[in-house]
Amino acid sequence: MKVIRKISELRSELTIHRKAGSRVGLVPTMGYFHEGHLSLMDVARKDSDIVVVSLFVNPTQFGPNEDLVKYPRDFERDERLAKERGADIIFYPDSREMYPDPFLTYVITEKLSGVLCGESRPIHFRGVTTIVAKLFNIIQPDVAVFGRKDAQQAIIIKKMVADLNFPVEIIVAPIIREADGLAMSSRNTYLSSEERKQAPIIYRALQKATEMVQRGELNAGCVERSIRQQIETAPLARIEYIEIVNEKNLEPVKTIDPGTFVAVAVWFGKTRLIDNVVLIDLDR
Ligand code: AMP
């Protein structure tokens, strides 16, 4: 596995592979790998000859009072894990490499980036779409893999790819969870032991909602109230939002159908956790 820090070097390396007819897969990450990240590498591996993992804690997607500086980092561990998981290249640029000074051009997916997480994080998705567009232009992957954990992000990226005609296939891989149901996240390391104990209430509430829907409750308001009541039983939980939305436009729905999912953001102390589930599984 190669570690490449310069755009020019990565381009030359990938030109060789493309000339040899290799299919290139990209897994964009901010590092501090857990099984969620590693599962995306497996998915990319199945679908491509060369797997590029990008590791960049992207400053433009953090708001002024967010956790950019304290975001967990451990490159040596990440390098080892990615290598063990069969990645071919880690692209690990620094900020100067990715953001020439001054940097004046951004990609914005309107509407979709202003709702759900976009309400409390107004510049977040602009940062995400901009860095992902840059990675697509630098790497020109045939396929890129994102996690359903960040459902809104995946939906926005698919829309950006469709709107701007990026020649890349987007695969969205399932959420990987801890044994107690908590969705894996690099930010889980911020939780105190008491917060960590209470955090699985999020997934339990979402599972209970799925059961309600399976029993025939399709009223989004009722299901949302049930999720709220459940999560509120955890004394340290502070709900930011619970929304049942349409998969295409992220607009709230009144009636649950196969095109809807529930997304939540819940604070435990200073840590903001997100999760989501599709309430009616089309494959059932
Ligand atoms: P991050 O490093 O947090 O920016 O995440 C990089 C990629 O990993 C994104 O596509 C995330 O959606 C995905 N990801 C993060 N956590 C999980 C998880 N628990 N399960 C599946 N994918 C995940």
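Refer to the preceding data block for the structure.
Owing to the predicted nature of the structure, the values given are computational and were not obtained by experimental measurement.

### What to know about the overall build of the protein chain
1) Next: The helix and strand inventory of the protein chain stands at 10 helices and nine strands.
2) Next: Relative to a compact globule of 284 residues, whose C-alpha radius of gyration would be 19 Å, the protein chain shows 19 Å and is just as compact.
3) Next: Scored against the burial criterion, the 284 residues of the protein chain give a buried share of 55%.
4) Next: Considering only residue pairs separated by 6 or more positions, the protein chain has 73% of its internal contacts joining residues 24 or more positions apart.
5) Next: With the model as given, the accessible surface of the protein chain reaches about 13800 Å², and the carbon-plus-sulfur share is 50%.
6) Next: Looking at charge distribution, the protein chain has the averaged site of its 39 positive side-chain charges lying 1 Å from that of its 39 negative ones.

### A word on the site of the ligand
1) Next: Around the ligand, the surrounding shell holds 18 residues, and the nearest of these are Met-30, His-37, Asp-150, Ile-176 and Met-184.
2) Next: Gly-147 places a main-chain nitrogen or oxygen 2.9 Å from an oxygen atom of the ligand.
3) Next: Contact between the ligand and Asp-150: an oxygen atom at 2.6 Å from a side-chain N or O atom of the residue.
4) Next: Notes on the ligand: free accessible area 480 Å², of which the protein chains cover 93%.
5) Next: No other element matches the three residues that helix H2 (residues 35-47) contributes to the shell around the ligand.
6) Next: For the shell around the ligand, the per-class residue count stands at nine nonpolar, seven polar and two charged.

### Regarding the sheet that holds strand E4 (residues 89-91)
1) Next: Ordered in space as E1-E4-E3-E2-E5-E6, the six strands form an open sheet in which the pairing is parallel. Lying at the two open borders of the sheet, with one neighbouring strand each, are strand E1 (2-4) and strand E6 (169-173). With direction set aside, neighbouring strand axes in the sheet form an average angle of 25°.
2) Next: Bridge analysis of strand E5 (residues 143-147) against E6 gives five bridges, and the strand direction is parallel. Residue Ala-144 lies in a different strand from E6, and its bridge partner there is Ile-170.
3) Next: Across the sheet, helix H1 (residues 7-19) is in contact with E1, strand E2 (24-29), strand E3 (50-55) and E4; its angle to E4 comes to roughly 150°.
4) Next: Contacts from helix H7 (residues 151-164) reach E5 and E6 within the one sheet, and its direction differs from that of E6 by about 170°.

### Description of the sheet that holds strand E8 (residues 260-268)
1) Next: Spatially, E7-E8-E9 is the arrangement adopted by the three strands of the open sheet, whose pairing is antiparallel. The open sheet is flanked by strand E7 (237-246) and strand E9 (271-278), the only strands paired with a single partner. The sheet shows a mean angle of 15° between the axes of neighbouring strands, taken without regard to direction.
2) Next: Most of the contacts of helix H10 (residues 220-232) go to E7, to which it runs at about 160°, and overall it touches E7 and E8.

### Quick look at the nonpolar core
1) Next: Core analysis: the largest hydrophobic core is formed by 45 residues, its most contacted members being Val-52, Met-98, Phe-136 and Ile-139.
2) Next: Counting only domains with at least three residues in this core, you end up with domain 1 (2-173) and domain 2 (186-277).
3) Next: Not counting residues up to four positions away in its chain, the partners in contact with Ile-139 are Leu-10, Leu-14, Arg-18, Val-24, Leu-26, Val-52 and Phe-91.
4) Next: Formed by 30 residues, the second largest nonpolar core is a distinct cluster that contains Ala-199, Ala-205, Ala-237 and Val-266.

### Looking at unusual backbone geometry
Peptide bonds are mostly trans, and most non-glycine residues show a negative phi.
1) Next: Along the chain, Asp-101 connects to Pro-102 via a cis peptide bond; the corresponding omega equals 0°.
2) Next: Along the polypeptide, Pro-102 turns up in the loop between helix H4 (95-98) and helix H5 (117-120).
3) Next: The backbone phi angle of Leu-116 is positive, close to 45°, even though this residue is not glycine.
4) Next: Along the polypeptide, Leu-116 turns up in the loop between H4 and H5.
5) Next: Positive phi outside glycine occurs at Gln-140, with the angle close to 50°.

### What about H1?
1) Next: Here H1 spans 18 Å end to end across 13 residues, near enough to the 18 Å set by a 1.5 Å rise per residue.
2) Next: Those residues of H1 lying buried are Ile-7, Leu-10, Glu-13, Leu-14 and His-17. All buried residues of H1 fall inside an arc of 130° around its axis, so they share one side. Exposed positions of H1 whose direction lies more than 90 degrees from the buried face are Ser-8, Ile-16 and Lys-19.
3) Next: Residue Gly-21 follows H1 closely and has a positive phi angle near 90°.

About the thresholds
All residue numbers refer to position in the chain's written sequence, counted from 1. Where totals are concerned, whole chains, interfaces and linings use all residues; where local detail is concerned, this predicted model gives features only for residues with pLDDT of at least 70, and gives and counts side-chain atom pairs only at 80 or more. To obtain the side-chain values, all non-hydrogen atoms of the structure were used and water was disregarded. Note on conventions: DSSP H or I runs of at least 4 residues are helices, E runs of at least 2 residues are strands, and numbering of each starts at the N terminus. A radius of gyration in this sense is built from C-alpha atoms; the matching globule rule multiplies 2.2 Å by the number of residues raised to 0.38. To sort residues, take the accessible area from a 1.4 Å probe on protein chains only and compare it with the maximum for the residue type: under 20% means buried, over 50% means exposed, and anything in between is partly exposed. Two residues form a contact once any of their heavy atoms are found within 4.5 Å. The method behind every accessible area is Shrake-Rupley, applied with a 1.4 Å probe, and residues are considered shielded solely by the protein chains displayed. None of His or the chain ends enter the tally, which takes Lys and Arg as positive and Asp and Glu as negative. All charge positions are set by atom: Lys at NZ, Arg at CZ, Asp at CG, Glu at CD. We call a residue near a molecule or strand whenever a single non-hydrogen atom of that residue lies within 4 Å of it. We call two N or O atoms a polar contact when they sit within 3.5 Å, provided that within protein one can donate a hydrogen and the other can accept it, with sequence-adjacent residues counted only if both atoms are side-chain atoms. Each residue receives one of three labels: charged for Asp, Glu, Lys and Arg, nonpolar for Ala, Val, Leu, Ile, Met, Phe, Trp, Tyr, Cys and Pro, and polar for the others, Gly being one of them. Two strands pair if DSSP finds at least two bridges between them. Lines are fitted to the C-alpha atoms to define the axes, a helix being fitted only along its stretch in contact, and any angle between axes, read from their N-to-C directions, falls within 0 to 180 degrees. Think of a nonpolar core as a cluster: buried Ala, Val, Leu, Ile, Met, Phe, Trp, Tyr and Cys residues, connected wherever their side-chain atoms sit within 4.5 Å. Note: domain ranges come from an automatic or database domain assignment. In this scheme, a helix's expected span is set at 1.5 Å multiplied by one less than its residue total. Taken from the helix axis, the directions to the C-beta atoms give the arc we talk about.

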